[in-house]
Structure formats: structure tokens, C-alpha cells
Amino acid sequence: MSNIVKMFQFEHAERRYPVRVVEVDGRAAWVAKDVCDVLGLTGDPGQHTRNLDEDEKGLTTIQTPG
């Protein structure tokens, strides 16, 4: 398992959102918190991923600045 983090800026309505994509077992995995921010979803990201299939979600540790 790898956890290489790639970051890009999603731009919408003159606003930029940082979005992290993590490589897990050779596949791209989006960071749920970042996707929720882009979509304007508030609260715990876990409540928004609860209905995903098991193969569509997972946990991994990534290093963050600070």
C-alpha cells in the first residue's frame, strides 16, 4: 500500500478548493473531506460516505502539513 498524495486546485465560481488524491494499492482515492468542501456538504464527511459500497471507501493515513 502506498499513500502518495497528489494535490490540485478545483476552481468553481471564482473560488479555488484544494483537493487531495491519494494512491492506494495503485488506485486513486479522493479525500472525502475535500470532496465535501467542493460540493458544499457540511458536517462529518463520514455521514456523506456512509451509503457508498465497501469497495468505494476506505481509510488510509496521510501526512499533512502542520
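None of these values were measured; they are calculated from a predicted model. (Residues numbered from 1 in each chain as written. Predicted model: local features only at pLDDT ≥ 70, side-chain atom pairs only at ≥ 80, totals over all residues. Heavy atoms only, no water.)

**Details of the overall build of the protein**
Each helix and strand in the protein was counted, giving two helices and three strands. The order of helices and strands in the protein, counted from the N terminus, is β-β-β-α-α. Each principal axis of the C-alpha distribution contributes one length, and for the protein these read about 35 × 25 × 20 Å. When the 66 residues of the protein are sorted by exposure, 14% land in the buried category. Intrachain contacts of the protein at a sequence separation of at least 6 include 19% that bridge at least 24 residues. Working note: accessible area of the protein is about 5500 Å², and carbon and sulfur atoms make up 50% of it. Of the side-chain charges in the protein, 8 are positive and 11 negative, and the distance between the mean point of each set is 4 Å. (Helix = DSSP H or I, 4+ residues; strand = E, 2+ residues; numbered from the N terminus. Buried < 20%, exposed > 50% of the residue type's maximum accessible area, 1.4 Å probe, protein only. Contact = heavy atoms within 4.5 Å. Areas by Shrake-Rupley, 256 points an atom, 1.4 Å probe, with all protein chains shown as cover. Lys, Arg positive; Asp, Glu negative; His and termini not counted. Charge placed at Lys NZ, Arg CZ, Asp CG, Glu CD.)

**Details of the confidence of the model for the protein**
Predicted confidence across the protein gives a mean pLDDT of 86, with 91% of residues reaching 70 or more. Per-element mean pLDDT across the protein ranges from 82 in strand S1 (residues 4–12) up to 93 in helix H2 (residues 45–49). (pLDDT = per-residue confidence, 0-100.)

**Here's the deal with the environment of Asp55**
Position of Asp55 relative to the elements: it lies in the segment after H2. Placed 34 residues apart in sequence, Asp55 and Val21 show a C-alpha to C-alpha distance of 17 Å.

**Section: the side chain of Arg20**
Relative to the helices and strands, Arg20 resides in strand S2 (residues 15–24). Overall, the relative accessible area of 18% leaves Arg20 in the buried class. Of the polar contacts made by the side chain of Arg20, one reaches the side chain of Asp34; its length is 2.8 Å. Filtering out sequence-adjacent residues up to four positions away, Arg20 remains in contact with Val5, Lys6, Met7, Ala29, Trp30, Val31, Lys33, Asp34, Ile62 and Thr64. (Polar contact = N/O pair within 3.5 Å; in protein donor to acceptor, adjacent residues only side chain to side chain.)

**Topic: the pairing of S2**
In terms of strand pairing, S2 meets strand S3 (residues 27–30) through four bridges, oriented antiparallel. Within S3, the residue paired with Glu23 across the bridge is Ala28. Connecting S2 to the next strand, S3, in antiparallel fashion are two residues, including Asp25 with a positive phi near 50°. (Pairing = 2+ DSSP bridges.)

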